[in-house]
Amino acid sequence: MTTTIYHNPACGTSRNVLALIRNSHAEPRIIEYLKTPPNRAELVELIAHMGGPVCDLLRRKDTPYDELGLDNPALSDDALIDAMIAHPILINRPIVVTPLGIALCRPSERVFDILPTPRRGALAKEDGETIVDVPGKRIV
């Protein structure tokens, strides 16, 4: 099984996670989910494997979240999933799939929990924060 990232290249967290995956000797399958969104069955499967509530996968910032009234506690999981299918920008990112699990990798260091191979060498986030030292040891 390869590593897959549901990626938005305009997102700094998503770019940081992609760099962390590549730093672990892996070249992931990259799905730019705004261009190629998951279908309903794929999204439901991702959510089920992550084990959290559907609302945890909703992105609020810079999305139609408020105008669609998605903060309404009466909305069902199916209604929230329907909104994400209709508006993929509502899907929080990045979602990473590896043989060790599936996770929404926010913060980006969350990806360390599911990477199957060790890190190699130093790596810093785009903001300059070092998160892997020269020998490949996780700092944070």
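The structure presented is a predicted model; accordingly, all values stated were derived computationally and were not measured.

So, how was this worked out
One numbering rule holds for all chains: residues counted from 1, following each sequence as written. Residue-level local features of this predicted model are given only where pLDDT is at least 70; pairs of side-chain atoms are given and counted only at 80 or more, and the full residue set underlies all totals for whole chains, interfaces and linings. Side-chain figures throughout are based on the complete set of non-hydrogen atoms in the structure, without hydrogens or water. The numbering of helices and of strands both runs from the N terminus, where a helix is a DSSP run of H or I of at least 4 residues and a strand a run of E of at least 2. Any two residues having at least one pair of non-hydrogen atoms within 4.5 Å are treated as being in contact. We call a set of buried Ala, Val, Leu, Ile, Met, Phe, Trp, Tyr and Cys residues a nonpolar core when their side-chain atoms join them within 4.5 Å. The buried label applies to any residue whose accessible area, calculated with a 1.4 Å probe on protein chains only, is under 20% of its type's maximum; exposed applies above 50%, and partly exposed to all values in between. Expected helix span is computed as 1.5 Å times (number of residues minus one). In this analysis, strands are considered paired if DSSP registers two or more bridges between them. Note on handedness: a crossover is taken as right-handed if, strands pointing away from the viewer, the path from the first strand over the helix to the second is clockwise. Arc, as used here, means the arc of the directions from the helix axis to the C-beta atoms. Any N or O atom pair separated by 3.5 Å or less is treated as a polar contact, with the protein-specific requirement of one donor-capable and one acceptor-capable atom, and with residues adjacent in sequence counted only for side-chain atom pairs.

**Student:** What exactly am I supposed to notice about the side chain of Asn 16 here?
**Tutor:** Positionally, Asn 16 belongs in helix α1 (residues 12–23). In this structure Asn 16 touches Ser 108, Lys 125 and Glu 126, once residues within four positions along its chain are discounted.

**Student:** Help me understand the nonpolar core in this model?
**Tutor:** Within soluble globular proteins, side chains that are nonpolar tend to cluster in buried spots. Leu 57, Met 84 and Ile 95 are the most contacted members of the largest nonpolar core, which totals 21 residues. Among the secondary structure elements, those contributing two or more residues to this core are α2 (40–50), α3 (77–86), β3 (95–98) and β4 (101–104). The greatest single-element share of this core, amounting to four residues, is contributed by α3. Those residues in contact with Met 84, other than ones at most four positions away along the chain, are Leu 43, Ile 47, Val 54, Leu 57, Leu 58, Leu 90 and Ile 91. The next biggest cluster of nonpolar side chains, apart from the first, holds 15 residues, and it includes Leu 20, Cys 105, Phe 112 and Leu 123.

**Student:** Would you take a moment to explain α1 for this structure?
**Tutor:** Think of an α-helix as 3.6 residues a turn; residues three or four steps apart then line up on the same face. If you check α1, its first and last C-alpha atoms are 16 Å apart, about what 12 residues at 1.5 Å a residue would give, namely 16 Å. For α1, the full list of buried residues reads Ser 14, Asn 16, Val 17, Leu 18, Leu 20, Ile 21 and Asn 23. At the C-terminal side of α1, His 25 shows a positive phi close to 75°.

**Student:** Got a minute to help me understand the pairing of strand β2 (residues 29–32) in this structure?
**Tutor:** Regular strands show a simple pattern: their side chains alternate between the two faces of the sheet. Sheet analysis places strand β1 (residues 4–7) next to β2, joined by four bridges and oriented parallel. Within β2, the residue paired with Thr 4 across the bridge is Arg 29. Handedness of the crossover joining β1 and β2 through α1 is recorded here as right-handed.

**Student:** Would you mind going over α2 with me for this structure?
**Tutor:** Buried within α2 are the following residues: Leu 43, Leu 46 and Ile 47. Seen from one end, α2 has its buried residues packed into an arc of 95°, which puts them on one side. Of the residues in α2, the exposed ones pointing more than 90 degrees away from the buried face are Ala 41, Ala 48 and His 49. Residues of α2 that are buried sit in contact with β1, α3, β3 and β4. Between a side-chain oxygen at the N-terminus of α2 and the backbone nitrogen of Ala 41 the separation is 3.0 Å; the capping residue is Asn 39. Gly 51 occupies a position one or two residues after α2 and carries a positive phi of about 80°.

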